[in-house]
Amino acid sequence: MTDSYARLINTPVGARAARALGLPRPSELRRYRPGADALPGREVLVLGDAGTDSLAAGLLARGCSVYRHPEPRAAYAAVVADFTAAQDPADLQRTALDLGHALKGLAAHGRIVVLGRPGAPEDEPGLAAARAGVVGLMRSVAHEVRRGATCNALLLADGVEPGSDDAAGPLAFLLSTRSAYVNGQPLTVRAGGASRPTPTGPRGPDRRGDRGGAGIGAAIVRRLSRDGARVLLVDVPAAGEALAAVANEVGGVALQLDITAADAGRRIAEVAGARLGPIDVFVHNAGITRDKLLANMDEARWASVIAVNLSAQLAINRQLLESGELGAAPRFVSLASTSGIAGNRGQSNYAASKAGIIGMVAAEAERFAAAGGTVNAVAPGFIETEMTRAMPAVTREVARRLNSLQQGGVPDDVAQAVGFLASDAAGGVTGQTLRVCGQSMVGA
Amino acid sequence: MPDAYVLGGNRIPFARSHGAYAQIGNREMLTAAIDGLVARYGLAHQEVGEVAAGAVLKHSRDFNLTREAVLGSALAPTTPAYDVQQACATGMEAVWGLSNKIRLGQLDSAIAGGADTASDAPIVVSEGLRRRILELARARSLPQRLAAAVKVRPGDLKPQAPDTAEPRTGLSMGEHQAVTTAAWGIDRTAQDELALASHRGLADAYDRGFFDDLVTGFRGLARDGNLRPDTSLEKLGKLAPVFGRSLQEEASMTAGNSTPLTDGAATVLLGSPDWAAEHGLTPLARVVDAQVAAVDFVTGEEGLLMAPVYAVSRLLDRLDLGFADIDYFEIHEAFAATVLCALAAWESEEFCRERLGREAPLGAVDRSKLNVNGSSLAAGHPFAATGGRIVATLAKQLHAASAESGRPQRGLISVCAAGGLGVAMVLEADAAAG
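This one's a predicted model, so the numbers in the text were calculated from it and none came from an experiment.

Undergrad: Where do I start with the overall build of chain B in this structure?
TA: The secondary structure content of chain B amounts to 14 helices and twelve strands. Taking 2.2 N^0.38 as the reference for a compact globule, 434 residues should give roughly 22 Å; the C-alpha atoms of chain B span a radius of gyration of 22 Å, in line with that estimate. In terms of principal-axis extent, the alpha carbons of chain B reach across some 80 × 60 × 40 Å. Counting over 434 residues, chain B shows a buried share of 55%. A fraction of 81% describes how many contacts in chain B between residues 6 or more apart in sequence connect residues 24 or more apart.

Undergrad: Can you walk me through the overall build of chain A in this structure?
TA: Each helix and strand in chain A was counted, giving 15 helices and 13 strands. Scaling as 2.2 N^0.38, a compact globule of 444 residues should have a C-alpha radius of gyration of about 22 Å, and chain A matches this with 22 Å. Projecting the C-alpha coordinates of chain A onto the three principal axes gives extents of approximately 60 × 50 × 45 Å. Within chain A, the proportion of its 444 residues that are buried is 52%. Sequence separation of 24 or more characterises 77% of the internal contacts of chain A that already satisfy a separation of 6 or more.

Undergrad: How do you make sense of helix H1 (residues 26-40) of chain B when you look at a structure like this?
TA: Along an α-helix, a turn takes 3.6 residues, which lines up residues three or four apart on a common side. Taking 1.5 Å as the rise per residue, H1(B) with 15 residues should run 21 Å; its terminal C-alpha atoms sit 21 Å apart, in good agreement. Within H1(B), 15 of the 15 residues are buried, which leaves it mostly tucked inside the rest of the structure.

Undergrad: Which parts of the structure should I look at to understand the interface of chain A and chain B?
TA: Interfaces are often sized by the amount of accessible area the parts lose when they come together. If you look at the interface, chain A gives 17 residues, while chain B gives 17 residues. Put simply, the parts of the chain that give the side of chain A that touches chain B at least two residues each are helix H8 (240-249), strand E9 (253-256) and helix H9 (264-275) of chain A. A total of six residues in the side of chain A that touches chain B trace back to one element, the largest contributor, which is H8(A).

Undergrad: In this structure, what is going on with the sheet that holds strand E2 (residues 65-67) of chain A? I would like to understand it.
TA: Each strand in a sheet pairs with its neighbour through backbone hydrogen bonds, running either in the same direction (parallel) or in the opposite one (antiparallel). All names here are of chain A. Strands sit in the order E2-E1-E3-E4-E5-E6 across an open sheet of six strands; the sheet is parallel. A strand with exactly one partner marks an edge of an open sheet, and here the two such strands are E2 and strand E6 (186-189). Neighbour-to-neighbour, the strand axes of the sheet open up by a mean angle of 20 degrees, direction not taken into account. The pairing of strand E1 (residues 43-48) with E2 spans three bridges and is parallel.

Undergrad: Any chance you could explain the UniProt feature "active site" (unreviewed entry) in chain B here in plain terms?
TA: Residue and element names in this part refer to chain B. In the UniProt entry, the feature "active site" (unreviewed entry) is given for Cys88, His381 and Cys416. A maximum C-alpha distance of 11.9 Å is found for the annotated residues, which run over 329 residues; spatially they form one tight group. Here Cys88 lies in the loop between strand E4 (81-83) and helix H3 (90-103). Looking at Cys88, the number of C-beta atoms within 10 Å reads 30, which means it is buried. Residues within four places of Cys88 in sequence aside, it is in contact with Val56, Ala334, Phe383, Thr386, Val415, Cys416, Ala417 and Ala418. Within the fold, His381 resides in the loop between helix H13 (376-379) and helix H14 (386-405).

Undergrad: Before we go on, may I ask you to explain the nonpolar core in this structure?
TA: Grouped burial of nonpolar side chains is what soluble globular proteins tend to show. Ranked by internal contacts, the top residues of the largest apolar core, which has 261 residues, are A:Val79, A:Val114, A:Leu154, A:Val378, B:Val6 and B:Leu270. Other than its neighbours up to four places away in sequence, A:Val114 contacts A:Ala81, A:Phe83, A:Val134, A:Leu137, A:Met138, A:Cys151 and A:Ala153.

Undergrad: I keep staring at unusual backbone geometry and nothing clicks. Help me out?
TA: Leaving glycine out, the prevailing phi sign among residues is negative, and the prevailing peptide bond configuration is trans. One non-glycine residue, A:Arg147, lies in the positive phi region at around 55 degrees. Relative to the assigned elements, A:Arg147 resides in the loop between helix H5 (125-144) and strand E5 (150-156). Unlike most non-glycine residues, B:His45 shows phi in positive territory, near 65 degrees. Along the chain, B:His45 falls in the loop between H1 and strand E3 (50-53).

Undergrad: Hey, could you run me through the environment of B:Ser172 in this one?
TA: With respect to the helices and strands, the residue B:Ser172 is situated in the loop between helix H5 (142-150) and helix H6 (173-184). Sequence separation of B:Ser172 and B:Ala384 is 212 residues, and the distance between their C-alpha atoms is 18 Å.

Undergrad: Where do I start with the packing of H6(B) against helix H11 (residues 336-347) of chain B in this structure?
TA: What describes two packed helices is the angle between their axes and the distance between those same axes. Residue and element names in this part refer to chain B. As a packed pair, H6 and H11 sit with axes 10 Å apart at the nearest point and diverge in direction by 40 degrees. Comparing the axis directions of H6 and H11 gives the class oblique. Between H6 and H11 lies a crossing of left-handed hand. The residues of H11 that touch H6, namely those facing Gln177, Thr180, Thr181 and Trp184, are Ala337, Thr338, Cys341 and Ala344. When grouped by side-chain class, the residues that make up the contact of H6 with H11 number four nonpolar, four polar and no charged.

Undergrad: Looking at this model, I keep getting lost on the confidence of the model for chain A. Mind explaining?
TA: Keep in mind that low pLDDT regions are not for reading the predicted coordinates in detail. Residues and elements named next belong to chain A. Considering every residue of chain A, the mean pLDDT works out to 88; 93% of them sit at 70 or more. Taken element by element, the predicted model of chain A shows its lowest mean pLDDT in strand E7 (residues 204-207) (44) and its highest in E5 (97). Across residues 195-212, where pLDDT falls below 50, the model places 80 contacts with residues more than four positions away in sequence or in other chains.

Undergrad: I would appreciate a short explanation of the pairing of strand E3 (residues 76-82) of chain A in the present structure.
TA: Successive side chains on a regular strand alternate, one facing one side of the sheet and the next facing the other. Residues and elements named next belong to chain A. Here E3 lies mainly inside the structure; seven of its seven residues are buried. Sheet topology places E1 next to E3; five bridges connect them, and they run parallel. Within the sheet, the bridge partner assigned to Gly48 lies in E3 and is Asp82. Bridge count between E3 and strand E4 (residues 106-116): six bridges; the pairing is parallel. Paired with Val79 across the two strands is Ile112, which belongs to E4. Handedness of the crossover is the feature at issue here: the chain leaves E3, passes through helix H4 (residues 93-103), returns alongside E4, and the resulting connection is right-handed.

Undergrad: Would you take a moment to explain helix H10 (residues 299-323) of chain A for this structure?
TA: All names here are of chain A. Within H10, the axis deviates most sharply at Ala307, by approximately 45 degrees. Residues of H10 that are buried include every one of Val305, Val308, Asn309, Leu310, Ala312, Gln313, Ile316, Asn317, Leu320 and Leu321, and no others. Following H10 by one or two positions, Gly324 adopts a phi angle in the positive range, close to 75 degrees.

Rules used in this analysis
- Residues numbered from 1 in each chain as written.
- Chains lettered and ligands numbered in written order.
- Predicted model: local features only at pLDDT ≥ 70, side-chain atom pairs only at ≥ 80, totals over all residues.
- Helix = DSSP H or I, 4+ residues; strand = E, 2+ residues; numbered from the N terminus.
- Rg over C-alpha atoms; globule rule 2.2 N^0.38 Å.
- Buried ≥ 20, exposed ≤ 12 C-beta atoms within 10 Å, placed from the backbone.
- Contact = placed C-beta atoms within 7 Å.
- Expected span 1.5 Å × (residues − 1).
- Pairing = 2+ DSSP bridges.
- Axes fitted to C-alpha atoms, helices over the stretch in contact; angles between N-to-C directions.
- UniProt positions renumbered as here; feature names shortened; annotations may be inferred.
- Core = buried A, V, L, I, M, F, W, Y, C linked by C-beta atoms within 7 Å.
- Parallel < 35°, antiparallel > 145°, perpendicular 65-115°, else oblique.
- Left-handed = near helix turned anticlockwise from the far one by under 90°.
- Nonpolar A, V, L, I, M, F, W, Y, C, P; charged D, E, K, R; others polar.
- pLDDT = per-residue confidence, 0-100.
- Right-handed = clockwise from strand over helix to strand, strands pointing away.
- Bend = angle between axes of the 7 residues up to and from the residue.

Here is the structure:
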């Protein structure tokens, strides 16, 4: 998709004009390409106390040069700031200021990962304040960094140490180019995920919401396929032509099916079981919009959006858990939306369905854990697709710039997040919604 | 000898000519139908034993239509292909020939199909102009060239479009059928009732999702463009007759009870049980046997579209079957009257004795078993695509009915074709046997 403004601003003349006029200056993000997964450099600065030794050992093992103190005029590809030992707000200060010293040395497209602990209702107020404070700090740093750099947080549940295998997978994702459009987001990691049996390679159905093969659904199919999956693709018969095209591109199987049919989950399980074997990964990319102000909303608009975007997923997940066709460590990923977090004028039905997804995955985590699996959601912000290309120009331009990275994401940014949640690396991540929005100001 | 099974099918929705596919040719439609089949059965980049398909209205540039479609499809480019053409029985002949190769162990898998477009029909130069152009090509000197060029007459410049007239009689297919219709005394209401049943059957099949794994949308069309779910006897009854108006008997064949010119393409996946098992596919129905017949319509000895009546009789004799052994009948609705004439002939003691050489008539076809998911009157009839449509539809119906009843199910197909040709085929499904 074309973002002509961003292209212009990245020319020498455009950059000068933007600087003079105080216009947004989005940097072209460094995105994943095969063989270009790495950080912009090898130098990683590790700040904080607890667990940093094992963390440093893990980074060294991945070929990084690890530094423990910010040096004046030094350049870092990434900074990992460990706040997991903070018991009181006063404990944040030293590592926070050290991180501040390091910011000027952060390379373009650099990565900052802040390590903290998730809050719990039983926490002492002082401890709770410290833990919550880490997230606010992380979000502010995410706003502050420039030149395509990002800052995110891993909140390690009690028992998950910064250098543990459970933390290593999510840390690697946030440090890589695969998370180029993920910014200002906290992700909680629980214990035990990494020790689960390794799936034989992800495969699973995907419900495509976009037509024409250039949308988020097609990107997810391509990503899972490149990651080794054999893919069963599901869409309504009316969208069969585009479905077949993407299926044939990746050597997958196309299943024309109305996912709101009462037995949709069972039929998917049946076809997947016969053709591809157990389902290791299932991606719900359901998405229709029937926008209308609530004051003018009719029954058909409301009902169809809830049925396709939400009720179908609940029913399919239930039927698949009962089907016996799931692999040993199934990974389910649903597509939510920042509209489901912030709401959106004229999208009460859509926002209800997408907020519902966020609630659904949180509530289903326990059930999927019993099946050895995980269930999560990805909430895209403004993504450059055929759908957003059809928006009115001014609305689109505002939506596109309203995030810390001052640009829209691309379908593969969403697909990368889905691919991460579908992978072995995310075994400790469940019940959560990961935003892929460039730190959108909407619902932040 | 291994058996040959229908494993599935795919077609694009059929469109009325000069409608949704007006700008699209046979090759593109056939490629789309193959691609949908490949996607449904996960065969992308794989080699299938052989692909056979054809078109009735065919451009000379499409001399290798099927192979070109394969090369443009998601199948491995090493998949062989050949063209077939037997008028409206093209699809049947493709299924039949490939099934035989599978039964002989020469192939383990195959795709049969056909495509036709009346919108993108070839238009040729007149015979006179063609001769002059060839003469010009042979000319070696300027005087010879000039001599050839001046022979072109203004009348030679008029292009010729194909029509459905029989070359030997000059009568259109509809006019031929009108004669047969009158001879058998088929009335208007019976024809309209058959057309109505076809539309209702097809619409109902779409509504219950029967075609979800038989049809892939194409160019914005998700259902057959000719389908009129809300038609009625009253609406059909208002249409003026279009064929047989010069006959003594009252003309009864209208645009409602005749198939319209249609664009479309259809494919059928065939394979041996072993190949099906290797690909995780369920064999739907076994291709049991088939029979072709031809009639002498030129002298008026028999009606143009009556050949399948003979083919069915011979096929059932060989298989030692009667109508009571058939669970589903698929009789191609070239015209409603074609079907009704065939039914009447099979019920006629005299016809069965004199023409078919049977001691007793074949009997009545139970109408509740006839074209239950609609047929050509509702779906339309892109000539070479009709056979594939019928075979895949019947195979799915037989398998579903067998799974539901727990008993084997047998189906009979009858397709008439230009030139006084007709093909019959028997399919059998036994869901319990896999």
